[in-house]
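Examining the three-dimensional arrangement
Okay, here's what each chain looks like letter by letter:
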Protein chains: 2
Amino acid sequence: MPHASPAQSKPTAIADLKTHPRGRVTVCGFVETIRDHSAVVFVIIRDKTAAVQVVADSTDETPYTEDLKQLTIGTAVTVTGKLVDNKIVKLGGLEIQLEELAIASIATSPLPIDEDTGLDKRLDWRFVDLRQPQNTLIFKIQTLLEHAFRLLWIEEGFIEIHSPKIMASASESGGELFRLDYFDGHAYLAQSPQFYKQMAMAAGFERVFEIAPVFRANPSFTSRHDTEFTSVDVEISWVDGHHDVMDLEERMLVAALTAVKEQFGDVIHDTFGVDVVVPERPFPRIKHADAVQIVADRGYSIPRADGDLDPEAERRLAEHVKETHGHEFVFVTDYPPAVRAFYHMRYEDGSGLTKGFDLIWKGLEITTGAQREHRYDMLLSQAEEKGIGYDEIAYYLNFFKYGCPPHGGFGLGLTRILMILLGIRNVREVTYLYRGPNRIHP
Amino acid sequence: MPHASPAQSKPTAIADLKTHPRGRVTVCGFVETIRDHSAVVFVIIRDKTAAVQVVADSTDETPYTEDLKQLTIGTAVTVTGKLVDNKIVKLGGLEIQLEELAIASIATSPLPIDEDTGLDKRLDWRFVDLRQPQNTLIFKIQTLLEHAFRLLWIEEGFIEIHSPKIMASASESGGELFRLDYFDGHAYLAQSPQFYKQMAMAAGFERVFEIAPVFRANPSFTSRHDTEFTSVDVEISWVDGHHDVMDLEERMLVAALTAVKEQFGDVIHDTFGVDVVVPERPFPRIKHADAVQIVADRGYSIPRADGDLDPEAERRLAEHVKETHGHEFVFVTDYPPAVRAFYHMRYEDGSGLTKGFDLIWKGLEITTGAQREHRYDMLLSQAEEKGIGYDEIAYYLNFFKYGCPPHGGFGLGLTRILMILLGIRNVREVTYLYRGPNRIHP
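Described in the following lines is the structure provided in the data block. (Residues numbered from 1 in each chain as written. Chains lettered and ligands numbered in written order. Predicted model: local features only at pLDDT ≥ 70, side-chain atom pairs only at ≥ 80, totals over all residues. Heavy atoms only, no water.)

The next thing to look at is the nonpolar core. Residues A:Phe205, A:Tyr396, A:Phe399, B:Ile141, B:Met252 and B:Tyr432 are the most contacted members of the largest nonpolar core, which totals 87 residues. For this core, the element with the most residues is helix α6 (residues 242–272) of chain B, which contributes twelve residues. If you look at the next biggest cluster of nonpolar residues, it comprises 86 residues, including A:Ala256, A:Val260, A:Ile366 and A:Val430. (Core = buried A, V, L, I, M, F, W, Y, C linked by side-chain atoms within 4.5 Å. Buried < 20%, exposed > 50% of the residue type's maximum accessible area, 1.4 Å probe, protein only. Helix = DSSP H or I, 4+ residues; strand = E, 2+ residues; numbered from the N terminus.)

Given below as structure tokens:
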């Protein structure tokens with residue numbers, strides 16, 4: 001096979017080959033399989049977008065003969081050749097007849113993991129694991145989810161904040177805090193941007209968002225816990241109540257799921273067997289007391305002494321909502337103060353209930369939100385009631401001393417959304433590099 | 001003044017009043033000034049968008065008489081009244097004749113800082129400081145910069161990553177690392193996402209971006225140093241050299257500065273006295289050796305033993321480029337390996353120079369980037385040459401064992417961009433909540 005041209009053409013994404021003119025083409029990617037059929041060698045090359053069959057002559061001496069022999073699974077290559085239609089090829093009815101082969105870097109053989117490798121070892125070699133198309137897909141979807149959120153926020157005039165992750169004391173509760181050596185003293189890692197996004201309200205930013213890491217020194221090894229994850233946070237001012245905050249979350253989820261369904265609905269169906277459903281607005285909203293009753297009517301008595309919904313109760317409630325409203329989502333609202341943070345605003349109707357809410361999607365909680373208490377005296381007394389010392393939160397209480405609008409917001413775990421959206425049960429599968437009590441490698 | 005209607009209308013952003021129908025309107029914001037002219041009281045209310053004059057009757061008994069007396073500077077209020085034109089009012093020739101006043105939260109008087117307060121105390125009360133329109137503006141601009149970057153990345157098919165900030169060892173050099181207690185052992189905070197964005201290349205993600213915090217245990221108190229800042233990071237595969245990487249950075253900066261000039265050019269000029277210039281492409285690119293010569297020709301001999309450009313040399317070079325090319329930006333390329341990280345790729349032309357570059361904007365460095373070495377053996381030997389032990393970076397070297405495309409990227413400090421763009425000399429002014437060796441409050 002002659003060396004067609006010394007000039008390498010610009011690489012084409014493999015998914016774009018079907019519309020590429022037949023003839024000379026260059027693609028880049030990893031060697032996925034090699035099948036040696038004596039006279040010809042078939043090599044499948046995969047890039048981020050798709051895979052293509054490359055057919056190489058292995059009888060005659062060619063410019064690529066030596067390189068072809070060196071190929072291993074995983075080797076990164078640039079391939080130039082003649083793109084032709086070939087109906088019997090499964091990968092899109094196309095193949096590339098090899099003319100030039102450039103090896104970027106050879107993979108040691110064999111790869112350290114294969115499709116039968118257990119999760120823990122796959123995480124040791126996460127970068128190889130992520131090459132699996134279904135794994136790359138997860139992060140393409142994550143990218144689109146975040147982009148859809150941000151487009152909505154920008155359209156609605158939000159300001160993006162980057163709140164500090166290094167703090168002098170706890171952001172919410174004293175537990176699960178990572179402590180670090182900070183010059184001659186100590187500091188802590190933020191468990192959430194809660195206090196600092198509220199600070200933006202006192203600063204007059206009115207509407208803010210942040211997508212950033214949060215840190216929890218939680219020793220759990222469950223499939224849902226990690227010590228570092230990405231939190232999607234918003235906070236908005238001049239709300240009339242927590243329903244304004246829920247409205248915002250609905251707009252975000254509808255925008256994101258619309259985008260995901262449009263761009264990835266089919267491939268998500270084919271890969272994960274899940275149909276992406278764009279939810280109708282408004283989402284069902286059920287008061288906590290009613291939710292408890294619904295769950296009881298379905299034969300489940302919540303074992304928690306504080307009356308908060310446990311995971312089984314959340315599942316039962318979701319079943320009820322699915323049956324009665326045909327909806328995957330349900331907001332549970334108006335929790336009693338015992339099960340909510342001190343900064344959740346309370347009704348002044350004598351009920352003492354909070355303007356807090358959770359959002360449950362397919363039976364799993366994805367959000368805790370609330371209208372916040374923005375009045376200094378109320379906040380101080382609610383903190384005292386919860387046994388939180390003034391000194392601990394003095395800097396936070398200051399935010400409410402010099403005028404602060406009524407406001408509310410929520411946090412959303414990005415991995416939690418991906419797990420529920422794709423029906424993936426382990427947070428490790430939807431995290432770029434999972435961090436847990438005994439995993440900080442690689 | 002009669003109570004016009006019990007139903008409060010939906011709040012209007014103050015900047016939108018000029019196109020709002022005259023008549024009843026509601027705005028929300030902070031009290032900025034109060035002037036009591038016996039018969040009438042003038043109150044300036046500011047929201048995120050602008051300020052407006054509210055005129056209140058203080059002779060007759062009105063529904064707001066009691067609340068009006070309570071107003072202090074900084075108090076958060078909702079104001080409803082009659083929007084009228086009034087040519088003598090400086091704030092847009094408009095005023096609101098007060099009908100209803102609702103106090104959201106009263107500010108303690110006086111505010112803890114005023115326009116004469118020094119920076120350190122302003123940072124103690126950062127949320128009050130951020131209410132200054134020029135400070136809020138900084139974060140609106142930051143939001144737009146990031147949005148413009150992300151729009152470009154999305155258009156070019158990038159995947160967003162969230163790389164872990166908790167690591168088992170250093171990401172680059174052993175110095176300036178924060179150590180944290182991690183269950184029964186220790187971990188470190190990421191100084192950069194460098195290694196993990198390169199991992200994405202080994203994972204076949206091809207093009208990634210991340211905007212996230214990085215942590216540096218740097219004890220400096222200068223106006224340019226902090227211990228936590230937001231880094232804008234990209235990495236792309238299948239590059240032909242570092243010039244492909246510089247091309248990407250040019251596209252990003254042109255997109256971002258075009259957006260900023262369009263949306264905020266006038267207000268930046270009026271507020272900061274700076275003209276936003278959208279740079280012409282390509283940016284000038286000068287080899288390090290030539291840059292050293294240019295600086296020498298301008299009468300400055302670089303004092304650094306390793307020959308790297310120091311800040312004064314960068315300023316002189318920028319002057320030269322401004323004079324000869326009329327350009328605010330200059331890439332300095334092809335640094336000698338002594339002044340670059342071990343993972344910068346080197347030319348194989350015998351010069352031994354690296355495919356590394358810096359970007360200098362108005363005389364200040366904003367970026368370090370490079371094509372990276374993606375070949376295991378080369379990387380190992382370059383690390384050894386720099387005295388970096390194998391064990392320290394074994395997990396990183398693994399990324400290059402199983403096939404890795406040629407790739408490159410760079411990091412960009414978000415605050416650095418804002419400082420240069422707006423002519424602000426202290427990083428504390430452009431950081432939402434600055435963190436330094438002796439500041440982790442609030």
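What follows covers the relation of the copies chain A and chain B. Of the transformation superimposing chain A on chain B, the axial component is 0.0 Å and the angular component is 180 degrees, with the fit at an RMSD of 0.0 Å. Look at the turn and shift together and you get a two-fold axis relating the two. It is A:Leu180 whose C-alpha, among those of chain A, lies nearest the rotation axis, at 1.9 Å. Looking at chain A, 100% of its interface residues are interface residues in chain B too, so the copies touch through the same face. (Least-squares fit on C-alpha atoms with pLDDT ≥ 70 in both. Contact = heavy atoms within 4.5 Å.)

This next bit is on helix α4 (residues 133–155) of chain A. Residue and element names in this part refer to chain A. Its 23 residues give α4 an end-to-end C-alpha distance of 33 Å, which sits within 8% of 33 Å, the value for a rise of 1.5 Å per residue. The element α4 is extensively covered by neighbouring structure, given that 17 of its 23 residues are classed as buried. Remark: Gly-157 follows α4 within two positions and exhibits a positive phi of approximately 75 degrees. (Expected span 1.5 Å × (residues − 1).)

Turning our eyes to something else, we now look at the pattern of salt bridges. Using the criterion set out here, one finds 64 salt bridges over all chains in the structure. In this structure, A:Glu156 and A:Arg207 form a salt bridge, with 3.4 Å as the shortest nitrogen-oxygen distance. You can see A:Glu156 sitting in the loop between α4 and β6 (159–160) and its partner A:Arg207 sitting in strand β10 (residues 207–215), a full 51 residues away along the chain. Residue B:Glu100 pairs with B:Arg24 through a salt bridge whose shortest N-O separation is 2.6 Å. Of this pair, B:Glu100 sits in strand β5 (residues 94–105) while B:Arg24 sits in strand β1 (residues 23–37), and the two are 76 residues apart along the sequence. Looking at B:Arg24, the relative accessible area reads 27%, which means it is partly exposed. Counted as one network, the salt bridges with shared partners bring together A:Arg122, A:Arg126, A:Asp129 and A:Glu429. (Salt bridge = Lys/Arg side-chain N within 4 Å of Asp/Glu carboxyl O.)

Turning our eyes to something else, we now look at the sheet that holds β5(B). Residues and elements named next belong to chain B. Around the barrel, five strands lie side by side as β1-β2-β3-β5-β4; this closed barrel has mixed pairing. Between one strand and the next, the sheet's axes are offset by a mean angle of 55 degrees, whatever the strand orientation. Strand direction decides the pairing type here: strand β3 (residues 51–57) and β5, joined by three bridges, are parallel. In the sheet register, Gln-53 faces β5, and the bridge partner there is Glu-95. (Pairing = 2+ DSSP bridges. Axes fitted to C-alpha atoms, helices over the stretch in contact; angles between N-to-C directions.)

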